[in-house]
2 protein chains.
Amino acid sequence: MKKIAILGTGIVGNTIGTKLVRLGYTVMMGSRTNNNSKATAWVEASGQNASQGAFSDAAIFGDIILNCVKGEVSLDVLRSAGAENLSGKILIDISNPLDFSRGMPPTLLPGLVNTYSLGEAIQDLLPATRVVKTLNIVNCEVMVDASKYGDLTMFVAGNDAAAKQEVGALLQQFGWNDILDLGDIRNARSTEMMLPVWLSIFIAGQNGHFGFKVVR
Amino acid sequence: MKKIAILGTGIVGNTIGTKLVRLGYTVMMGSRTNNNSKATAWVEASGQNASQGAFSDAAIFGDIILNCVKGEVSLDVLRSAGAENLSGKILIDISNPLDFSRGMPPTLLPGLVNTYSLGEAIQDLLPATRVVKTLNIVNCEVMVDASKYGDLTMFVAGNDAAAKQEVGALLQQFGWNDILDLGDIRNARSTEMMLPVWLSIFIAGQNGHFGFKVVR
């Protein structure tokens, strides 16, 4: 079974890492420093298929790497993980370029919205990596257990068809039965620009456990 | 029955105007000049409950006004319609701030995305008008016959609760059974920023007859 790296020790990285271990994958959680306390706590809770290390350790370890850090630090973290360690591999980018500097709710970072996106910036930073943008339009509990919340659609965008196929198989293990391929990585703009409506719905309903179905 | 004005003579104005006449409303189509050939053709095809005139004639006529012109000209058209003629009335804004200057697919107009929106700009231009942003996330055939395309969600955003209620009743006549109030007019940002994903889905599937369901 493939080895998977999780970049990030927050709630998103934890939730996805835990789900992957339960699915039988061997998972390394990467963080800024080796032996990060949140990462070691996750490893202790997750058993023998879980390990942790620096971002670069995780990048070396994984056949597939999941970017689960905040959008505003994603490019720095991926530089730290090392382009050479990510070369040829699949990077699943679930981040959003959220800008909290203007208060709540966040907007999107200027320069990474409308005519560009974080997904594209990551692909441009790592031209030898097969970046697939997905999962960024729901909260992390919905990400890993989609069918529990209804008949939902998940988008994928990326330049490599085989990588999208492989990511699609993983998404199915997360309960996604309706996967819509939007095309190349430029379509990351589209899904990142759904964050404002996600936030509007969340604020209106005070509930983050929802998703979108494209009825077609 | 209320009198409704349609600003714009394009396919969107035509489709909505025709639907409203069929529903029994009295409808005036407004355009830049009185006796615009597209407007007179629509009146001829639509019978005695249809009329046409300049934007300002339509604004005076309507109890409810629908902005169906392109986003890039919406503010100019509403100035031409006259703030005094729109005062106290409901303006349903279905436009999107599409920017075709960079080629296809369009992006959103700089200055009307992320930290501002066309819906907000219209409300700021017409502070005495009750602006409700809605319908802008689907094509015009889906707008007026939603239930034909499945169980779809429609968003409304605006500062006036009674206006949103009244618009909601009209939306139900268009076949919308799941109406989600996102809050005040600032939430127009959210729905306008769905246009890129609408375009991605349209391009991927070569089909504009789809909509979104918020599964919650």
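Located above this text is the structure these notes cover.
Residues numbered from 1 in each chain as written. Chains lettered and ligands numbered in written order. Predicted model: local features only at pLDDT ≥ 70, side-chain atom pairs only at ≥ 80, totals over all residues. Heavy atoms only, no water.

Peer 1: How would you summarise the overall build of chain A if you had to cite specific residues and measurements?
Peer 2: If you tally the helices and strands in chain A, you get 10 helices and 11 strands. Its C-alpha atoms give chain A a radius of gyration of 16 Å, near enough to 17 Å, the size a compact globule of 216 residues would have. In terms of principal-axis extent, the alpha carbons of chain A reach across some 40 × 35 × 35 Å. The buried share of chain A, reckoned over its 216 residues, is 61%. By sequence separation, contacts in chain A at least 24 residues apart represent 69% of the contacts at least 6 residues apart. Element-wise, carbon and sulfur atoms account for 50% of the exposed surface of chain A, whose accessible area totals about 8400 Å². Computing the positive centroid from 18 side-chain charges and the negative centroid from 19, chain A places the two 2 Å apart. (Helix = DSSP H or I, 4+ residues; strand = E, 2+ residues; numbered from the N terminus. Rg over C-alpha atoms; globule rule 2.2 N^0.38 Å. Buried < 20%, exposed > 50% of the residue type's maximum accessible area, 1.4 Å probe, protein only. Contact = heavy atoms within 4.5 Å. Areas by Shrake-Rupley, 256 points an atom, 1.4 Å probe, with all protein chains shown as cover. Lys, Arg positive; Asp, Glu negative; His and termini not counted. Charge placed at Lys NZ, Arg CZ, Asp CG, Glu CD.)

Peer 1: Could you give me a rundown of the interface of chain A and chain B, with the residues and numbers involved?
Peer 2: Taken together, the contact between chain A and chain B spans 31 residues of the former and 31 residues of the latter. Regarding the contact of chain A and chain B, the summed buried area is about 2400 Å², with carbon and sulfur atoms giving 67% of it. When the buried surface of chain A facing chain B is broken down by residue, Asn114(A), Met193(A) and Val215(A) rank first, second and third, together holding 22% of it. Where chain A packs against chain B, one counts 0 salt bridges. (Buried area = accessible area lost by both parts, 1.4 Å probe. Salt bridge = Lys/Arg side-chain N within 4 Å of Asp/Glu carboxyl O.)

Peer 1: Tell me what's going on with the sheet that holds strand E1 (residues 3-7) of chain B, and back it up with residues and numbers.
Peer 2: All names here are of chain B. Taken together, 8 strands build an open sheet; the order of strands is E3-E2-E1-E4-E5-E8-E9-E10 and the sheet is mixed. At either end of the open sheet lies a strand with only one pairing partner, and these are strand E3 (50-54) and strand E10 (178-183). Averaged over neighbouring strand pairs, the angle between their axes works out to 25 degrees when direction is ignored. The sheet contact formed by strand E5 (residues 90-93) and strand E8 (residues 130-134) spans 4 bridges and is parallel. Across the sheet, leucine 91 pairs through a bridge with valine 131, a residue of E8. Lying on the sheet, helix H6 (residues 118-125) is in contact with strand E4 (64-67), E5 and E8; it crosses E8 at an angle near 170 degrees. (Pairing = 2+ DSSP bridges. Axes fitted to C-alpha atoms, helices over the stretch in contact; angles between N-to-C directions.)

Peer 1: So, the packing of aromatic side chains: which residues are in play, and what are the values?
Peer 2: Inspection of the entire model under this criterion finds 6 aromatic pairs over all chains. A ring pair is formed by Phe210(B) and Phe212(B), whose centres lie 5.9 Å apart and whose planes are at 85 degrees; its orientation type is edge-to-face. There is no split in this pair, since Phe210(B) and Phe212(B) are both buried. Counting every residue linked through ring pairs, the aromatic cluster contains Trp198(A), Phe202(A), Phe210(A) and Phe212(A). Lys3(A) extends its terminal NZ or CZ atom over the ring of Phe61(A), reaching a point 5.3 Å from the ring centre. (Phe/Tyr/Trp six-rings, centres within 6.5 Å; stacked < 30°, edge-to-face > 60°. Lys NZ or Arg CZ within 6 Å of the ring centre and 35° of its normal.)

Peer 1: Talk me through the pattern of salt bridges; I want residue IDs and the actual numbers.
Peer 2: Counting across every chain of the model gives 22 salt bridges over all chains. Salt-bridge contacts for Lys213(A) lead to Asp151(A); the nearest nitrogen and oxygen are separated by 3.2 Å. Taken together, the positions of Lys213(A) in strand E11 (residues 211-215) and Asp151(A) in the loop between helix H7 (140-144) and strand E9 (153-158) put the pair 62 residues apart, joining distant regions of the chain. Ionic pairing is found between Asp178(B) and Lys213(B), a salt bridge with its closest N-O pair at 2.9 Å.

Peer 1: Go over the environment of Gly150(B), please, and point to the residues and values.
Peer 2: Position of Gly150(B) relative to the elements: it lies in the loop between helix H7 (140-144) and strand E9 (153-158). Separated by 13 residues in sequence, Gly150(B) and Ile137(B) place their C-alpha atoms 15 Å apart.

Peer 1: Now, about H6(B): what can you tell me, with residues and values included?
Peer 2: Along an α-helix, a turn takes 3.6 residues, which lines up residues three or four apart on a common side. All names here are of chain B. Of all 8 residues in H6, 6 are buried, a share of seventy percent or more. Of all the residues in H6, the buried ones are Leu118, Gly119, Glu120, Ala121, Ile122 and Gln123. Residues of H6 that are buried sit in contact with E4, helix H4 (71-81), E5, E8 and helix H9 (188-192).

Peer 1: Provide a residue-level description of the nonpolar core, including the pertinent values.
Peer 2: Counting residues in hydrophobic clusters, the biggest one holds 98 residues, and the most contacted among them are Ile16(A), Leu20(A), Trp176(A), Ile16(B), Leu20(B) and Trp176(B). Excluding its chain neighbours within four sequence positions, the residues that come into contact with Trp176(B) are Leu135(B), Val138(B), Val142(B), Met143(B), Ala146(B), Leu152(B), Thr153(B), Met154(B) and Leu171(B). (Core = buried A, V, L, I, M, F, W, Y, C linked by side-chain atoms within 4.5 Å.)

Read these as spatial facts, not as claims about activity.
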